[in-house]
Structure formats: structure tokens, C-alpha cells
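Fold and geometry: a report
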Amino acid sequence: MKSAVIVFPAANCDRDAKVALEQMTGQAPAMVWHQDSELPDVDLVVLPGGFSYGDYLRCGAMASQSRVMQAVKAHADKGGMVLGICNGFQVLTESGLLPGALMRNAGLKFVCKPVTLSVEETQNAFARHYEKGQEITVPVAHGEGNYYADEETLNRLEGEGRVVFRYKGNPNGSARDIAGILNDKRNVLGMMPHPERVVDPVTGGTDGRALFHSLIETLS
Amino acid sequence: MTAITPEMVKDHGLSESEYQKILDLMGRTPTLVELGVFSVMWSEHCSYKSTRAHLKKLPTKAPWVLQGPGENAGVIDIGDGDAAIFKMESHNHPSFIEPYQGAATGVGGIMRDVFTMGARPIAMMNALRFGEPSHPKTRHLVSGVVSGIGGYGNCMGVPTVGGEVNFHKSYNGNILVNAMCVGLAKADNIFYSAAKGAGNPVVYIGSKTGRDGIHGATMASAEFDDASEEKRPTVQVGDPFTEKLLLEACLELMATDAIIAIQDMGAAGLTSSSAEMGDKGGSGIELDLDKVPQREANMTAYEMMLSESQERMLAVLKPGREAEAEAIFKKWELDFAVIGVTTDTRRLVVKHKAEVVADMPITALSDEAPVYERPYQPREPKGGDVSFDKSKSVLASLKAILAAPDMASRRWIWEQYDNSVMNDTVQHPGGDAAVVRVHGSSKALAITTDVTPRYAKADPYQGGAQAVAESYRNITAVGGTPLAVTDNLNYGNPQKPEIMWEIVAGIDGIGAACRALDYPVIGGNCSLYNETNGEGILPTPAIGGVGLLKDVTKMATVAFKRQGDVVIVIGETKGHLGQSIYLREIEGREDGPAPRVDPALEKKHGDFVRGLIEQSRVDTCHDVSDGGLLVAVAEMAIGGGIGASIGVAGLPEPIPFWFGEDQARYVIAAPFEEADRIIEEARAAYISVAALGKTGGDRLVLEDSNSVSIAALKAAHEGWFPNFMSGEEIPMTN
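Residues numbered from 1 in each chain as written. Chains lettered and ligands numbered in written order. Predicted model: local features only at pLDDT ≥ 70, side-chain atom pairs only at ≥ 80, totals over all residues. Heavy atoms only, no water.

To continue, consider the side chain of Asp591 of chain B. Counting through the fold element by element, Asp591 of chain B comes out in the loop between helix H20 (581-585) and helix H21 (599-614). With near-sequence residues (within four places) excluded, Asp591 of chain B lies in contact with Lys382, Gly383, Gly384, Asp385, Gly578, Gln579 and Leu583 of chain B. (Helix = DSSP H or I, 4+ residues; strand = E, 2+ residues; numbered from the N terminus. Contact = heavy atoms within 4.5 Å.)

Structure (C-alpha cells):
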């Protein structure tokens, strides 16, 4: 599996994503600068967490307008896999690759802690190595992770099996406890929790590994 | 040219004798710009004029110390060619006036001190002191400071991994915000601030210069009064996004060999960075202010020299490398400008609009800065009444103490900090010390911040020594070898002899403990004049300690891990109730003498406990500090969600035994056979040791009779902070 990590200014989880991909795939991902207009030939593009462009407008809003996002959209249109984590999820909703929006946490504070997620859907490239209904522990670290979409969209996401992860114990007020969703073609996943932070037992657990294994198996 | 009047001299915080010294050094009347430069360079904040003579007494050397005090941060060798670079610094005055920006820029400033030396910051810590919980400003200040620390650190992508928080009425009008940054570099690629050589380009990098923070260093060197809020314009505004770009750009430039010297523009901005770099390099510096990137129109030379705009650096490059450096900064969309040149004149010359606005000998700003041997007046360490009501229930007191403002869980705070970004956090906040892995290796750094201000008030010497001892224990308790400390000395007005004595005795106590523990001081910061309307804070010499775990898999945490482990206390419990949390929270008195520190005993017990952890024989350990033995056991039970049954046969006085704050103690837990061996070995080494009981169940059972559920203790411990911050509960005065 060949992968790329997009480097937005101040998207500070780019190194974490790189290290996790290296560890899981045995291959270093390409690090792609936000001003590049082309992607290398890869199977997976990761939009990492962080504070792209300082999150000075809405989170992810400026990154969604960056040059590289045209290439990411083209990659997704061709069916290429895209994983957006935390700020990356915000970039995906801001650029229209995923529906809905991520608002300020209901508690109005940044929240960093391990949360329990229930894996809701496993028939997709990102979660096939989990069991349906499995509970996993993955950290969140965000101030704006409160997922919002209108009722019709939420019904459609649920009806089409596009809600992949749900919170058990909602940390941010997200509609219907949604933690991660797919696009309609099921090749773009956005999630607020950080699977790349749980691939190493020394630093908090290994519950994120199955997500990377799923992608490796799908794409190899 | 503006004439200098006595009022202007006074407004610049300079005394008459200091102004006379300026006249003598210059041989003429200074210009306004020069007066401003002297005022900040000779301020307490920059010159350490009250403490310098005493700080010299601190031990600063060890074979593993690569750089002691005097640079932007201290550096230690952690093996394999790696170096840890760290420092702690205060941002007290700005944080009281504007808590969010004050705390945020405190974080930003200390990070720059570390990355200007070539290190990537890997962990942030803090030491915070607020007024009593019932004071009307306290919640506002807690909320603002915590958001400010989180807002800056989270955006930087550097984990904030721990710290400490106290509440006390002496901080009602003067909170303390001390931030510590730890970074990693290669030992052979560390950058210093000595601008050696003449004819080298002086370059300005980072944000543009604005009018914010003018005279911040002078503000930080004066007492507060009721009009202090009017000083809000002197508080700087932080931009963590720009700082993140500056970090990456600087590290990219540092990977080349284009830099001769580099220093961040912190307090006193362009003035102190240029003067200090010239001073250390034995050179002169000539600046052309017309070339300084400016955020606002029509800035005067005075404003530019004294601006404390954030996210700026000054560097001296090798000649001919400007274009290469500029390309890096342009890529990161940062300002870059050659604003001057080094000279061989040993003078700081500043030009603006084709006029020389300052021309002064650099040594006048450094070596010639005033040093005061301020008079001090010792007072007897506090004695007093440590009597207590013997009929009080031990377990009811335990529950009350676990929910006291100084003792309750700080989860409400640390969950607002990204403490796992960078993916190397091994121990998150809430333990004895944070543990952060050295990226790509199996070793790790243990980091802690400590001081017990109420001890330092009762006995400034013991308080200084105890801060070091507790730091040493906290690092030991996770399995780390303590290597070095940075100190952040927060005190009141040094011109009062009784305060000056607190400072002198505190430094002596720190020095004695550091010397005995082989735990040198490699940097630090003094924050004096922490007074409002003439009332000083509790003396608060915060110690930031760093230690090394050679193998991160050989580590201990506080949480009980198994049922049936034997709970053992290492170190003697005499039942010292003076200045204890028990006396304050249960008897309502801040009374009695501070506990005495015996550094030799600290070392002996520390080496023993660390050895057990390093040999993988113990994975559960907690130092005994605030609240005493029973509080330590309760925290271990809450952490693991496992109860314990403990007791000591024939205890004459249970209250001092369970709640006394004797030093040099640890609680460990180990399986039965291992525990037997440990007790035997401790006895053979003449170390005081006792088995207290066994882990198991879901209750804390005392002396086989009374008990309390771990769930109830946890609810009390976890509940106070969120209730307090929600405003639903008006807290008791401490």
C-alpha cells in the first residue's frame, strides 16, 4: 500500500500519521506540501490532525481551499482512499467531500482523553478488521468535534451504513454520537478520534491497528 | 531630541543612583531610546540584580551537564548522542491582567527559548498558583490561564503532560503562571547565542514588530496595585500558528550550517536579544531599524526597540548564507530581513531614518548592570501548635482531604491539554511524573514540577530543599534517574529585608539539596515583586526536574495493578503534622514547622526504590507528599480501581501516622514473595520499611474495621474541580 500524508502548515499530527503508517505498512508515506498541485501515485491519502492554518477561520476552512485539495478531490473522485483524522475530518467536511459540519464541542472546551468507540460498520475498506459492535479505545483531542448534519442527512448516513464509529459516552455533543463517517462511495472516511495514536502499546494501546490493517488488506 | 526629565527616569523604573550610573557610563545624557534600553536591560526581570549574587551559589555542574545557566535554556546529555534541553519561566504579571494571552505567550516564550537552541520541544509542564477558590476572580483566572496554555500548546502540537496547581489567598491579587518546556536535540548540533565575529549579517525572522508588550519586562519588575489593570496594553498577544511555522523554519535552517548564533526575542525584544548576543560573542552590533518588518505605521525607534511582539527571533548568519536562509523562511511564509551587522566595537549602535538614535557600550547593559547585595532579615522558622482533635474519624478526614482544592484531581485541567500528540507520551498527567519517550528509542524522560509554598513560608530554607526533594522523589517513583533541574523563583519585593531573606534562604535550601542529590540547576528564572498592595505571595520556588529512564518498559505508575499485592511503605513515618494538609483542611490552621528534609536519606531511599523498578521487580509506586501516607494509598487505589486493607498494629496515634508529611517516603506494591524479599533487603540496608496491608476488593479498609468504597473516594476526588468551575458550588475558603 502506497500512502501520502498532506502537510498543511500547523497540521501538527503529520509526523504522528507518518510514523504510524511507517510502522504499520513498513513503507514511509510521501509527505506532500500544501502548495503542491499534484499527488504522487498513491492508494491512500491521509489528512492529518492539527490546527491547519492556525484554524483561524473555521477549523479546516482555509485548508479546504489550499492548492493540494484539488488533487485530493480528484484522487477521491477516482475512487482513491482518503482518511481524514480530527482536523483532517474538518477539512473533509469544509471541502464537501463529506456531509455535515463539525461545531464547537458542546462543553465549549478542548477535550483530550481516551474514549470508547463502538464499531458500527465493518463492510468497508477502513474497518473490515474490526468486528461489528466491537468496542475500542481511541483518544480524542479537539475543540470542535461536535458533528452536525440535518435530520435527513443523518438518516441517510445511518440508512446507508455510513456511520462507521459511534461514541459510547459522547465527549463533544455530536449528533447521534457520531465519531466517524464515510462518503457515499465509501472511499473517504472522516473521524475525530486519533487511530494513529493507538498503534503502539507503550503509548496508549493498539486499538487503531485494525484500521490500518483493513486499509493494507484492501489496497494490497 | 527629547530632554530626559527626572519623571521620565522614574517612569522607566530606574532609581536616582541607577540614573547617575548611566550618566557616568555614557559620559553624556542618554537619548530616550538609550534610556528605554537601559530601563529594560537593568530591570530585575532581565538583570537579576537582586538575586545574581546568591544564584552564583547554586551547583550547576555535573559530567552530564552540557550547558548550565546563562544561555536560553540548560542542556544535559542523555546518552546515544541525544541531549535534553529545558527551562521553566514565569509569566505571572501578564497572566493576572489578561489570563488567556498572558498564559499563552508564557508558553510560546518558553518554547522559543528551547527551540532557539536547536531542540524540538517534546513536552510542556506548568506550575500554577491561584487565589483562594472563593475569591471572585479565581474562576475567571483559572479558566483563562488553562485555555491560554491549551490554546497555544495544542496548536503547536507539543503535548502538555503535567504540572501542579495550588490555591491560596496570598495569590488573590498575584497569580503565578510558570511554564516549562523540554526539548530534544542532537548533542553535537546545539545552537548558542554568542554573536562571534565582525561583519556578519544580523537577521530578523518571524512575525512583524508591533506596539504590543512595550515595557513588559519593566512591568514584571514592579509591584501591582489596584490600577494594574490599566497595564493591559503591555500584555503581548500570542499567535501559535506563526510560532509553529517559526519552529519548523528554524529547525530547517538549523539543519544547515549557516547559523553563527541565534536567540529568541523574549522580554525586552530586540533590545535584549541584540545586546545579549553581542555581549556573549564579545562583538558589537549595529542595527538599522528601517529594515525591521513592522506591523504598524510610523513606529518610533523607541517602540521598536522595546516591543515585545511575539514569535520573533534574531540570528547571526555566516556571510553569504542570507539567500539560503531567506528561501526557508519564505517557504514558511515568515518575515525575513537583514537588519544589521556585527562589528568589533563592542557597542550597540541603533540607526533609524538615517540618524543614530542609540550608541552605547554593550558591557554597560550586561557586566555594568547593577548588582545589589540587598539587606535581609532572618526570622526564626515557624514553630507553633500542631495539636489536633484525636476523636476525628480518619476515613471521613481522608475523604475531605481528597476533595480539598489543593488535593482534588486536576482532570478538569489536563483534559483541556492535548497530552498525547507526538505519540510519545508514556505517562499522562495524574501520576508522580510525566514520562515522554525519546522519539524512535526505548528510553524516556521523566518530568515533574514541584514546590510546597506553605512549607517555604514556614521555613524558607526547608521549603527550598523540600521542593528539590519532592522533584527527586517524583522522578524516582516512575523509575527515572533524576538528572537536573530548572528553577523558577517566585517571591515578593526583594527590597523588604524579610522577603530578601526568604529568597536567600530558599536559594540556600535548593543549593544544599541539589548538591547532596547530584541534581544540578542548569537554568531558571526569577520572578520578584509578586505583591499586591504591599502583600507578598507565599514564597514559591518552583522546581522543574528532568530524569532519564533507560528502558521505558521498566517503569512504575501509581495505580494498583493486582489484587493481593503487599502494600509497603519505604521510609520512616514519625507523624509530622506541622504545615500539613491535614492541619489546614481538617483543623483549619496553617500552623507548625515545615517538615525537615534529609537529603542523604532521600538519596538512599530513592536509589533503593529506583533499583527495584529498574530490575522490573516493582511496577507500582507513589511518593508520599501532600496529605501523607493514607492519601498516597488512596490515590493508588483510585488510580487502579482496586481497594486495599491496611493497618498497623498497636498504633498509638493514628492521625499523625496516616496524615503526617514526613519526607523521604514512598509507597510501593508488589506480589507477596517479591514483597518479602524487598522488605528483607530494605532492612539489610538499614532502610526503614513496613508492610501496611494488601490490595484487593473495592473498598479501602482501615485496621480491619472502618472502610470506605473506592468509588466514593473517587467521586469526592474527581468531583471538586468540575463543580467549582461550573460555578454551582461556592467553595469554602482555605
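Residues and elements named next belong to chain A. Buried residues dominate strand E10 (residues 178-182), accounting for 5 of its 5 residues. Alignment of strand E9 (residues 163-168) against E10, held across 3 bridges, turns out to be antiparallel. Each bridged residue has a counterpart across the sheet, and for Val163 the counterpart in E10 is Ile181. The pairing of E10 with strand E11 (residues 188-191) spans 3 bridges and is classified as antiparallel. (Buried < 20%, exposed > 50% of the residue type's maximum accessible area, 1.4 Å probe, protein only. Pairing = 2+ DSSP bridges.)

For the rest of this paragraph, the subject is the nonpolar core. Membership of the largest hydrophobic core comes to 139 residues, with the highest contact counts inside it found for Phe8, Leu47 and Phe165 of chain A together with Phe329 of chain B. For this core, the element with the most residues is helix H10 (residues 240-254) of chain B, which contributes 9 residues. Core analysis: the next-biggest nonpolar cluster, separate from the first, contains 64 residues, Ala84, Met88, Val438 and Leu517 of chain B among them. (Core = buried A, V, L, I, M, F, W, Y, C linked by side-chain atoms within 4.5 Å.)

Attention now goes to the environment of Leu176 of chain B. Residues and elements named next belong to chain B. Residue placement: Leu176 occurs in strand E6 (residues 176-186). Under the relative-accessibility criterion, Leu176 is labelled buried at 0%. Along the sequence, Leu176 and Arg589 sit 413 residues apart, while their C-alpha atoms lie 23 Å from each other. What Leu176 contacts, discounting residues up to four positions off in sequence, is Asn92, Ala127, Leu128, Arg129, Tyr171, Asn490, Asn530, Ile537 and Thr540.

Pairing between the strands of a sheet comes from backbone hydrogen bonds, and it takes one of two forms, parallel or antiparallel. All names here are of chain B. Strand order in the open sheet formed by 6 strands is E1-E2-E3-E6-E4-E5, and the pairing between neighbours is mixed. Edge positions in the open sheet fall to strand E1 (65-67) and strand E5 (160-167), since each of these has one partner strand only. Within the sheet, the average angular offset between the axes of one strand and its neighbour, ignoring direction, is 20°. Taken together, the 9 bridges between strand E4 (residues 120-130) and E6 define a ladder with antiparallel strand orientation. Following the sheet pairing, Asn126 is matched in E6 by Ala179. (Axes fitted to C-alpha atoms, helices over the stretch in contact; angles between N-to-C directions.)

With that settled, the discussion passes to the pattern of salt bridges. Residues and elements named next belong to chain B. Scanning the entire structure with this criterion turns up 62 salt bridges over all chains. Among the ionic pairs, Asp257 bridges to Lys318, the shortest N-O distance being 3.7 Å. With a gap of 61 residues between them, Asp257 in the loop between H10 and strand E8 (259-264) and Lys318 in the loop between strand E10 (312-317) and helix H13 (322-331) connect regions that are remote in the sequence. Classification of Asp257 by relative accessible area gives partly exposed; the value is 46%. (Salt bridge = Lys/Arg side-chain N within 4 Å of Asp/Glu carboxyl O.)

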